[in-house]
Amino acid sequence: MAHGKVAGLNSEREAAKAEFLARAGLAAAAREPLAGDASTRRYERLRPPGGVSLIFMDQPPAVESAPCPPDATPEQRIAAGYNASARLAAGRVEAFVASAGYLRAQGLSAPEVLTFDAGQGLAVLEDLGDDLYARLIDAGQDEAPLYASAIDALIALHRQPPPARLTAGGQDWPLLVYDALALKSGSDLFLDWWPKFAPLEPFGPEAVAEWEALWAPVRARGEAGAAGATGVFAHRDYHAENLIWLADRRPDVARVGMLDFQDALRAHPAWDLLSLLQDARRDVSPELEQAMLERYLRARPDLDRDAFLQDYRALAALNAARILGPVFARQVVVFGRARYRAFMPRTWRYLERNLETPGLEGLRSWFDRNVPADARA
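Quick look at the structure, then. Not measured: the values here are computed from a predicted model.

Here we take up a nonpolar patch on the surface. Nonpolar side chains collect at one region of the surface, where Val333, Val334 and Phe335 lie side by side and expose about 230 Å² of accessible area between them. The topology assignment puts valine 334 in helix H12 (residues 305–335). Take valine 334: its relative accessible area is 42%, and that puts it in the partly exposed class.

Here we take up the environment of glutamine 59. Take glutamine 59: it is sitting in the loop between strand E3 (54–58) and helix H2 (74–80). Taking the C-alpha atoms as reference, glutamine 59 lies 12 Å from alanine 95; in sequence the two are 36 residues apart. Among all residues touching glutamine 59, those that are not within four sequence positions of it are Arg13, Thr40, Arg41, Glu64, Ala90, Gly91, Gln120 and Gly121.

Attention now moves to the pairing of strand E5 (residues 122–126). Burial analysis of E5 places 5 of its 5 residues in the buried class, the great majority of the element. Here E3 pairs with E5 via 5 bridges, running antiparallel. Counted as the bridge partner of isoleucine 55 is leucine 125 from E5. In terms of strand pairing, strand E4 (residues 113–117) meets E5 through 4 bridges, oriented antiparallel. Pairing of phenylalanine 116 across the sheet is with alanine 123, part of E5.

Considering all chains together, one arrives at 34 salt bridges under this definition. Here arginine 305 and glutamate 294 are joined by a salt bridge, their closest N and O atoms 2.5 Å apart. Residue arginine 305 is located in helix H12, and its partner glutamate 294 is located in helix H11 (residues 286–299); the two are separated by 11 residues in the primary sequence. According to the relative accessible area criterion, arginine 305 is partly exposed, its value standing at 36%. On the basis of relative accessible area, glutamate 294 is assigned to the partly exposed category, the value being 22%.

What counts as what
Numbers given to residues run from 1 along each chain, matching the order in which its sequence is written. Local features in a predicted model are, by the rule used here, given only for residues with pLDDT of at least 70; side-chain atom pairs are given and counted only at 80 or more, and totals for whole chains, interfaces and linings are based on all residues. Side-chain measures were taken over the full set of non-hydrogen atoms in the model, leaving aside hydrogen atoms and water. Like-charged residues within 9 Å of one another, or nonpolar side chains (Val, Leu, Ile, Met, Phe, Trp, Tyr) within 5 Å, are grouped into patches, provided each residue has over 30% relative accessible area and no salt bridge. Methods summary: accessible areas were calculated by the Shrake-Rupley approach with a probe of 1.4 Å, and residue burial reflects only the protein chains presented. For this analysis, a salt bridge means a side-chain nitrogen from Lys or Arg found within 4 Å of a carboxyl oxygen belonging to Asp or Glu. Here a strand is any run of E in DSSP of at least two residues, a helix any run of H or I of at least four, and the numbering for each starts at the N terminus. A simple rule labels every residue: compare its accessible area, found with a 1.4 Å probe on the protein chains alone, to the largest value its type can have, and call it buried under 20%, exposed over 50%, or partly exposed in between. Whether two residues touch is decided by their heavy atoms; if any such pair falls within 4.5 Å, the residues are in contact. Pairing between strands is defined by DSSP: at least two bridges between them are needed.

Structure below.
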């Protein structure tokens, strides 16, 4: 696309944002860009004259492929693109609004949505502040109470069977199942992206076929835990850079401010725990991980402990492969975002530790044969 056309599109987007803010009575607010992530969303802090600060979310709907229709077949999802296959919300503001409303209705702390325009992909949100878990821990705050509160928030969330549809703020959004195809769509991209990063020769047909056979039972367990009676509302990106400490809120579970939950699904109850306790962006010690798993399981005597922990390790291994390939390797190879290299050794350590779990010997052998130590970050 020519530079002039890009500039024109940017100018049009800025005009739409200014018009939206004017309609919301925020034309005079100072706008401060906030650091972004690997998504197509952008955030700004708004400072209205004489008022409290707010967050301005900008998610252009046209830059993402379509989300998954609730009744789409696997073949239709694959044809529609990655968002449909992986059951991602494509950044839709209506997904954020409906998910935020559901979380708030459970007594949890998601930002209040003050105004939005779903068609334009714009919203103004409550500002939960800057006390990100990751930032507080880096500054020396004791991590154990923070993680305990994050686990307690999940326990509270998981007590309530999730609805098939989320309805809030006048928006209706399906809470789809994190099924085998969605799990496969993310993790299989390791095969595409890791050789481009390592570099390695492309994986051959036999290696690909073996990969499929080895991961299939893991994905089946993930889908069974999501679709059955144990299925829960899963934030899907529940980690220390998406959690904000709200020390003054009560009850205690409300002290955990939640961000970036628009891709929520009905998932296996292990999913948000493994995102939190095997965080690719910061070290979580095995001792803290085990203590938090025990805290969760004590509150969930309805779960089969051994089966849950087996699923937790297997799904955590799958998630590590998903992160290493299409998330981290792709960011480096395609966009030159070298900072993602720093997260790779940690993620490999998680993957290797998970693959020591009994029952995952075949997967450990696959990685040993096809991705030798010198081809790992």
